[in-house]
Amino acid sequence: MSIYSSFRQKNDIERLVFLINNEAKETINIMEICGGHTHSIMKYGLNALIKDKVNFLHGPGCPVCVMPIKRIDAAICIAGLPDVILVAYGDMMRVPGTNSSLIKERAKGKDIRMIYSPLDIIKIAGDKSNKNKKIVFFAIGFETTTPMTAALLEEVITKKIENVFFYINHVLVPPPINAILDSNDSLIDGFICPGHVSVITGSGIYSDIAQKYKKSAVISGFEPYDILSGTLLIVRQINDNNPSVEIAYKRVVKEEGNKKAQDLVNKYFRVRDEFEWRGFGNIAKSGLRLRDKFEYFDAEYVFADKLKALELNGDFKENTGCKCGEILRGKLKPVDCPLFGKVCIPENPVGACMVSSEGACSAYYKYRNF
C-alpha cells in the first residue's frame, strides 16, 4: 500500500467535499500559491468537486514561471562568454528568453548543462578538463531550494573551489502575495500556503495575510485530503470572521520551521532592495543575493560589465499574446489565454507557465479536466 493512500480514501474525500459544499455560504475565491497544489487540484479534479462553492485561483508559486525574461536573457548572455559552463535545472532550460532559450543555445554549441542537484556542480568542477572553466550556477527557487544553494556555496568554500560562481535568482513568497493584496482589485478570500516552503520558514511568514489584510491562510500538503482539509479550514475561518494562519500539514510543517536551514541561508544571503517578477514588475525586498563578503562567487559581480551592457542595450520583449503574468496574479486562468492549447503547448511552450512542471498552464493542459 502506498504511504499516500490514506490521504486519498474515497470516503474521506467525499466527506470533506460534503462539508465544504454544505458549510460555504457563498462562492469564495481561494488562491493556491504553490504550483504543486495547482497540479494536485487539477490531477484529482478537486476544482470540479467543489466548483459551486470554491473558485481556485493560481498564484505566483512556480519559481520558473515568475522568472522575468530579463533574467533569462542575462543567463543566456553569461552562457555565451568564453570558457563558461552554465548549469541550470531542467525546467529553466526551455523557458523562452527574448530571442532564444538555454536549450536552443546549447543546441548551437554553448556549454549549458542540466543538473538535478546543486551538488552535481562539485562533480563538474572536479573534472580536470574543466579546471580553467568558469562554472556558473543559474540558481532559482523559493525558500525551499535556497538552503541547497547555500549548502553548495559552503561546500565550494570548504573545498577551496575557485571556479564556481552563482547567478542568484532566489525569491521570497510573502512579497508577491502582499503585492496582490495591495492591488485595488483583489477578490481573494483566502490562501492555501505552500507546504514545502513552510517546512523551511515555518508559519510566521504569512502573518500579514491574516493580521494586515484580514484574509484566511492555511498551510497545506499536496494530497487530496490535505488540500480539501485546508479548504474547509478557510471556509470556517471566513464563516467565523476569524482570519488566521493555520497549519493543516502538521506531519511535516512546524510553526518555527527549520532553524538550521534558516541560519545557513542567513549566513550567505541578504535581501535585495528589489527584484523583478514576471507579471508583477519590481517588488521591494522580494529576492535574495549573496552577501558582500562572498561577492567573488557572485556572477552578477564577476560579470558586471557584460550584464550592464545587456541591461543598457537589451530589448526585453515578452510575447504579447501570452497571459502568464495575469495567470500568476490570479487575474486569469490558463483557458483564458488565447494561445493556450493552440500555439502554446508543452512541446512548443510560448510562456513559462506552460514550460514548468509546476506551471498552471502545464497542469491544465496535462489533466484537461476543466
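Above this text is the structure in question.
### Notes on the overall build of the protein
Working step 1: For the protein, the count of helices and strands is 18 helices and 13 strands.
Working step 2: At 21 Å, the protein has a C-alpha radius of gyration in line with the 21 Å of a compact globule built from 370 residues.
Working step 3: Counting only C-alpha atoms, the protein reaches 65 × 45 × 45 Å along its principal axes.
Working step 4: Of all 370 residues assigned to the protein, the portion counted as buried reaches 54%.
Working step 5: Within the protein, contacts between residues at least 6 apart in sequence are counted, and of these 75% link residues at least 24 apart.
Working step 6: Carbon and sulfur atoms form 50% of the exposed surface of the protein, whose accessible area is close to 16900 Å².
Working step 7: Treating the 49 positive side-chain charges of the protein as one cloud and the 43 negative ones as another, the clouds have centres 3 Å apart.

### Some points on the packing of aromatic side chains
Working step 1: Under the definition given, this model contains eleven aromatic pairs.
Working step 2: Considering the side-chain rings of tyrosine 89 and phenylalanine 137, the 5.8 Å spacing of their centres and the 85° angle between planes classify their relative orientation as edge-to-face. Within this pair, whereas tyrosine 89 is found in strand E3 (residues 84-89), its partner phenylalanine 137 is found in strand E5 (residues 134-141), the two being separated by 48 residues in sequence. Of the two residues, tyrosine 89 and phenylalanine 137, neither departs from the other in class, the shared state being buried.
Working step 3: Aromatic side chains phenylalanine 222 and tyrosine 249 sit 6.3 Å apart centroid to centroid with 85° between the ring planes, which places their arrangement in the edge-to-face category. Here the residue phenylalanine 222 occupies a position in the loop between strand E8 (216-220) and helix H12 (224-240), and tyrosine 249 occupies one in the loop between strand E9 (245-248) and helix H13 (259-268), the gap between them amounting to 27 residues. Exposure class is identical for phenylalanine 222 and tyrosine 249. Each is buried.

### Observations regarding the packing of helix H4 (residues 69-79) against helix H15 (residues 304-313)
Working step 1: One can describe the packing of H4 onto H15 by two numbers: an axis separation of 10 Å at closest approach and a directional angle of 135°. Put simply, H4 runs oblique to H15. For the element pair H4 and H15, the recorded crossing hand is right-handed. Counted together, Lys70, Asp73, Ala74, Cys77 and Ile78 of H4 and Lys306, Leu307, Leu310 and Glu311 of H15 form the full contact between these two elements.
Working step 2: For the contact of H4 with H15, the per-class residue count stands at five nonpolar, no polar and four charged.

### Focus on the state of the cysteines
Working step 1: Inspection of every chain in the model, using the stated rule, returns two disulfides.
Working step 2: In this model cysteine 62 forms its disulfide with cysteine 65; the gap between the sulfur atoms is 2.4 Å. Disulfide cysteine 62-cysteine 65: torsion about the S-S bond near 70°, hence right-handed. For the pair cysteine 62 and cysteine 65, one class covers both residues: buried.
Working step 3: In this model cysteine 324 forms its disulfide with cysteine 353; the gap between the sulfur atoms is 2.1 Å. When the S-S torsion is 75°, as for the bridge of cysteine 324 with cysteine 353, the disulfide is right-handed. Here cysteine 324, found in helix H16 (residues 324-328), pairs with cysteine 353, found in helix H17 (residues 352-355); they are 29 residues apart in sequence, far enough to count as distant.
Working step 4: Numbered by position along the chain, the disulfide-linked cysteines of the protein connect as 1-2, 3-4.
Working step 5: The closest cysteine sulfur to the non-disulfide-bonded cysteine 34 is located on cysteine 62, 8.8 Å from its own sulfur.

### Let's talk about the pattern of salt bridges
Working step 1: The full count for this structure, using the stated rule, is 19 salt bridges.
Working step 2: The partner of arginine 251 in a salt bridge is aspartate 226, and the shortest N-O contact between them spans 2.8 Å. Residue arginine 251 is found in the loop between E9 and H13, and its partner aspartate 226 is found in helix H12; the two are separated by 25 residues along the sequence.
Working step 3: The exposure class of arginine 251 is partly exposed, given its relative accessible area of 44%.
Working step 4: The buried category is assigned to aspartate 226, whose relative accessible area is 2%.
Working step 5: Of the charged contacts, one joins arginine 270 and aspartate 292 as a salt bridge, the two residues approaching to 3.5 Å between their closest N and O atoms. Of this pair, arginine 270 sits in strand E10 (residues 269-271) while aspartate 292 sits in the loop between strand E13 (288-290) and helix H14 (299-302), and the two are 22 residues apart along the sequence.

### Thoughts on the environment of serine 244
Working step 1: For serine 244, the position within the fold is in the loop between H12 and E9.
Working step 2: When the C-alpha atoms of serine 244 and tyrosine 206 are compared, they prove to be 9.2 Å apart, with 38 residues separating the residues in sequence.
Working step 3: Not counting residues within four places of it along the chain, the set of residues in contact with serine 244 comprises Ala210, Lys215, Ser216, Ala217 and Gln237.

Analysis parameters
Residues numbered from 1 in each chain as written. Predicted model: local features only at pLDDT ≥ 70, side-chain atom pairs only at ≥ 80, totals over all residues. Heavy atoms only, no water. Helix = DSSP H or I, 4+ residues; strand = E, 2+ residues; numbered from the N terminus. Rg over C-alpha atoms; globule rule 2.2 N^0.38 Å. Buried < 20%, exposed > 50% of the residue type's maximum accessible area, 1.4 Å probe, protein only. Contact = heavy atoms within 4.5 Å. Areas by Shrake-Rupley, 256 points an atom, 1.4 Å probe, with all protein chains shown as cover. Lys, Arg positive; Asp, Glu negative; His and termini not counted. Charge placed at Lys NZ, Arg CZ, Asp CG, Glu CD. Phe/Tyr/Trp six-rings, centres within 6.5 Å; stacked < 30°, edge-to-face > 60°. Axes fitted to C-alpha atoms, helices over the stretch in contact; angles between N-to-C directions. Parallel < 35°, antiparallel > 145°, perpendicular 65-115°, else oblique. Left-handed = near helix turned anticlockwise from the far one by under 90°. Nonpolar A, V, L, I, M, F, W, Y, C, P; charged D, E, K, R; others polar. Disulfide = S-S within 2.5 Å. Salt bridge = Lys/Arg side-chain N within 4 Å of Asp/Glu carboxyl O.

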